[in-house]
Amino acid sequence: MRRRLAGGAGAITLTAALAATAAPAAAAGPTRPDPGAHRVTVRDGETQPVFSRADAVTQTVMIETTADSDRDGVRDRVQMRIMRPKETSTAGLKVPTILEPSPYWAGINDVPNHPVDIGDARARSLTTTHRNLAEIFPGYYDNYFLPRGYAVANLDSIGTGGSTGCPTSGDRSEQAGAKAAVDWLNGRARGWSPDGRPVKATWSTGNVGMIGQSYNGTLPNMAAATGVRGLKAIVPIAGISSWYDYYRANGGVVAPGGFQGEDLDVLAKAVLTRQNPEVCAKVIDDIEAAQDRETGDYSKVWAERDYVGQARDVRAAVMVVHGLNDWNVKVKNSVQWWNALKKADVPRKLWLHQANHATPFRWRVEEWLRQTHHWFDRYLYGIRNGIEKEPRVDVQRADGTWETAKDWPVPGTRTVPVSLNAGPAGQPGTLGLRPAPGGPQSFTDAGKTRTAEQLLVNEDKADPNRLAYLTGPLPRAVRVDGIPSVSLRAALNGVPGGVGGRPPTRDWERSPYLTALLVDYGTGTRPTGARDATTQEVCFGQSVPGDSGCTTRQVLRTETAPYKIVTRGWLDVRNRHGISRTDPIEPGRTYTFRWDLEPTDYVVKAGHRLGVVLLSTDYDYTLRYPAGTEVTVRPGVSRVLLPLARGGAESLR
């Protein structure tokens with residue numbers, strides 16, 4: 001079944017529209033390029049598809065950056081490929097640009113990941129987990145935006161494709177590469193055509209938007225964080241705001257989901273697709289030496305790849321998009337960016353959806369196009385279409401429906417301390433609003449022998465390799481929205497790092513991790529994060545040979561299961577005083593350990609039970625030390641702090 005998005009009649013020119021508010025909707029009808037159009041046309045507060053995608057002009061330019069990442073004494077150059085309405089060449093039309101920067105345009109290399117089984121002489125590097133590049137590139141910008149009066153462009157990040165320099169996994173050199181494209185579009189950077197002739201963007205208004213998913217969504221964050229003038233709006237989808245929070249967590253080496261053993265150096269090698277890649281060997285070796293897979297401490301190498309503190313410099317309006325089931329780029333990266341932008345009073349929107357590492361274009365096509373179209377129209381063309389006055393937040397619920405809110409966490413959310421209490425038989429324990437001190441409870445780390453999913457089942461029974469604490473069946477649904485955290489009074493035996501500052505011995509080479517899982521116990525049908533294609537084809541833009549301008553609508557894949565991990569979080573106990581500082585643990589001594597779990601927005605249904613499961617090694621995320629760390633927890637004085645929407649605390653009484 002094919003569905004075509006409709007347009008309307010009664011157009012006005014952009015000049016008149018800039019001073020006007022949105023007009024009443026006109027009767028629906030087909031939209032076609034206007035063969036006589038030389039001006040951008042606005043109807044109902046949005047640009048209209050009056051230009052021909054088939055007649056578009058293409059251009060390739062090499063742009064000089066301010067960095068020299070390959071250390072050859074010559075500034076890096078990034079290659080940008082542009083497609084724009086032919087009227088920019090024939091009729092003096094000037095247009096803004098929507099740009100997708102990426103290290104993936106030329107594909108990726110197979111590179112083995114680091115081994116993660118510590119102390120195992122037989123451990124080998126893990127095989128590469130391939131990225132699905134088809135999922136990263138939705139491929140609709142030219143069909144949809146170019147006919148509406150935009151240039152669209154692809155940029156090769158430094159060290160990739162047609163660019164020079166070396167890929168550096170998010171540092172300031174890579175940031176300079178993304179910024180240079182905006183500078184060239186504003187006449188501030190030099191550019192050359194493929195034959196070496198100097199070239200300027202005489203057709204550009206200087207207004208630039210960026211959009212992309214994953215690494216392609218990270219580069220817009222990076223460019224915006226420089227405060228570059230002319231970058232007016234970005235849509236980072238599953239973008240990174242701090243690379244520390246992609247490859248580390250609270251002092252520990254923690255992998256992105258599905259990429260166990262990957263790190264900065266591995267990713268740099270994977271995207272190193274420039275000509276003469278051997279010139280980057282020393283640069284990437286230096287990254288490997290600096291990234292520190294021993295302690296996981298925050299250091300200079302991570303500070304150079306952290307943009308959260310630069311949010312105050314952002315001039316672009318930011319539409320943040322992230323999947324609540326994304327364990328590749330974890331939700332923290334978007335939430336901490338959102339919070340920093342809020343503090344800096346940057347114009348912003350937020351979408352939280354139920355898929356994993358994906359773009360909502362494929363399953364919420366119409367609303368996605370409406371909002372992103374209005375976002376770019378508002379900030380690149382200055383059209384007052386009211387997008388900034390709409391609810392700031394769109395959140396998708398587990399049943400696939402969407403709701404809006406003024407802010408996130410939703411107004412009325414408050415942090416509720418919930419005690420981890422001993423149960424009648426010790427384990428499993430209970431969760432309650434009132435602490436009930438009890439005797440110490442212990443578990444022994446299973447190392448690489450059991451996954452988190454294997455450890456959280458049989459929750460009503462004691463397990464030697466974890467501790468579990470559960471509510472009774474909830475009388476009403478409970479919404480957890482925000483950043484849960486844990487405060488644990490516990491002692492450990494067998495942690496690496498030595499005693500009293502003495503060097504560690506082999507007997508102490510055990511897991512330094514504490515892992516907390518927040519679990520929804522109760523059989524239900526829930527989204528997994530994956531999507532399935534339907535038979536419905538949605539046509540959204542102009543077609544050209546080989547490109548129909550259509551997409552196949554997706555739906556969220558669900559499964560019926562007795563539990564779901566709502567969120568999780570990790571701590572290297574040696575970093576109990578901060579992520580930049582490793583301090584040894586004295587065996588048997590009780591400490592207070594505090595750490596955040598990943599942000600979430602999740603509704604636990606009435607009749608289900610909410611659980612907290614404590615373990616050490618998290619097989620799919622942490623390094624895997626030999627089994628044997630003993631963890632002794634003091635119930636009653638240990639607790640989880642839950643951000644609960646209105647009425648949530650009452651449901652836990």
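Each remark here, short or long, concerns the structure printed above.
Quick summary incoming for the structure in this document. (Residues numbered from 1 in each chain as written. Predicted model: local features only at pLDDT ≥ 70, side-chain atom pairs only at ≥ 80, totals over all residues. Heavy atoms only, no water.)

A word on the packing of aromatic side chains. Within this structure, the stated rule accounts for 23 aromatic pairs. Between the aromatic rings of Trp351 and Trp368, the centroid separation amounts to 5.2 Å while the plane-to-plane angle is 75 degrees, which identifies the pairing as edge-to-face. In this pair, Trp351 is assigned in strand β17 (residues 348-353) and Trp368 in helix α12 (residues 365-381), connecting sequence segments 17 residues apart. No difference in accessibility class separates Trp351 from Trp368, as the two residues are buried. Ring geometry for Trp375 and Tyr379: centres 5.0 Å apart, planes at 65 degrees, overall edge-to-face. Taken together, the positions of Trp375 and Tyr379, both in helix α12 and four residues apart, correspond to about one turn of that helix. A relative accessible area of 1% places Trp375 in the buried class. (Phe/Tyr/Trp six-rings, centres within 6.5 Å; stacked < 30°, edge-to-face > 60°. Helix = DSSP H or I, 4+ residues; strand = E, 2+ residues; numbered from the N terminus. Buried < 20%, exposed > 50% of the residue type's maximum accessible area, 1.4 Å probe, protein only.)

Let us look at the state of the cysteines. Evaluated as defined, the whole model comprises two disulfides. The partner cysteine of Cys166 in its disulfide is Cys280, sulfur to sulfur 2.1 Å. Taking the sign of the torsion about the S-S bond as the criterion, the disulfide between Cys166 and Cys280, at about -95 degrees, is left-handed. Here Cys166 is found in the loop between β10 (151-156) and α5 (172-185), whereas its partner Cys280 is found in the loop between α8 (264-270) and α9 (281-291), with 114 residues between them in sequence. With respect to class, Cys166 is no different from Cys280; both count as buried. Disulfide pairing places Cys539 opposite Cys550 at an S-S distance of 2.0 Å. One disulfide, between Cys539 and Cys550, carries an S-S torsion of 95 degrees and so falls in the right-handed class. Of this pair, Cys539 sits in strand β26 (residues 513-539) while Cys550 sits in strand β27 (residues 550-572), and the two are 11 residues apart along the sequence. Of the residues examined, Cys550 reaches a relative accessible area of 15% and is grouped as buried. Taken in sequence order, the bonded cysteines of the protein link in the pattern 1-2, 3-4. (Disulfide = S-S within 2.5 Å.)

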